[in-house]
Amino acid sequence: MSSPSGPYKLVTVNTAPDRARRLIGRVVEDVKDKYTIIHASNATSIDEVKSVVEEHRPDILFTASMWTPEEAHQIIAIAKGVVGEDLKTFSLPQGLQVNKGPDAVVEYIEENLPSLLG
């Protein structure tokens, strides 16, 4: 059995940091055989993104489903402005948490991790 790839340092951008920690915790546990992901921090607003990304220098940034596509694009631009174009980013579809619940969020992230992390 091969060892997991990583570690990947993750920053989330979510106005509900407890929910972000809980859901990412589930993902980290579910994929630990394939990937080592460290949830370094969460920014609770667009205004916090630059300082959180500067402090933690993540490999991956996730935007949560409360952000519009335009807001997610702005968040990603801010983060890439700090750490560069090599930052891997992933935006959950707007409304996914509200419309389908936390299980759908975890499933969506897990389905898309292989293409994100290669």
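The structure contained in this document is the topic of the report that follows. No experiment lies behind these values; they were computed from the predicted model shown.

Our focus in this paragraph is the environment of E55. Checked against the element boundaries, E55 lands in helix α2 (residues 46–56). Overall, E55 belongs to the exposed group, its relative accessible area being 61%. When the C-alpha atoms of E55 and S41 are compared, they prove to be 9.4 Å apart, with 14 residues separating the residues in sequence.

To continue, consider the pairing of strand β3 (residues 60–63). Neither face of β3 is exposed, since I60 and F62 on one face and L61 and T63 on the opposite face are all buried. Inspection of the sheet shows strand β1 (residues 5–13) paired to β3 by four bridges, in the parallel sense. Note that in β3 the partner of V13 across the bridge is T63. Here four bridges tie β3 to strand β4 (residues 88–91), and the two strands are oriented parallel to one another. Residue pairing for β4: I60 is matched across the bridge by K88. For the crossover from β3 across helix α3 (residues 69–83) to β4, the handedness is right-handed.

Turning our eyes to something else, we now look at empty space enclosed by the protein. According to the stated counting rule, one finds one cavity of 30 Å³ or more in the structure shown. By volume, the largest cavity amounts to about 120 Å³. If you go around the largest cavity, you meet 15 residues; those closest to its centre are N14, A20, A64, L92 and V105. When contributions to the lining of the largest cavity are tallied by element, the ones reaching two or more residues are α1 (17–31), β3 and α5 (102–117). Counting residues per element, the lining of the largest cavity draws most heavily on α1, which supplies four residues. Each residue belonging to the lining of the largest cavity can be placed in one class, and the counts come to nine nonpolar, five polar and one charged.

What counts, and at which threshold
Residues numbered from 1 in each chain as written. Predicted model: local features only at pLDDT ≥ 70, side-chain atom pairs only at ≥ 80, totals over all residues. Heavy atoms only, no water. Helix = DSSP H or I, 4+ residues; strand = E, 2+ residues; numbered from the N terminus. Buried < 20%, exposed > 50% of the residue type's maximum accessible area, 1.4 Å probe, protein only. Pairing = 2+ DSSP bridges. Right-handed = clockwise from strand over helix to strand, strands pointing away. 1 Å grid on protein atoms, 1.4 Å probe; cavity = no way out; pocket = protein on both sides within 12 Å on 5 of 7 lines; lining within 4 Å. Points joined across faces, edges and corners; volume = space filled by probe spheres on them. Nonpolar A, V, L, I, M, F, W, Y, C, P; charged D, E, K, R; others polar.

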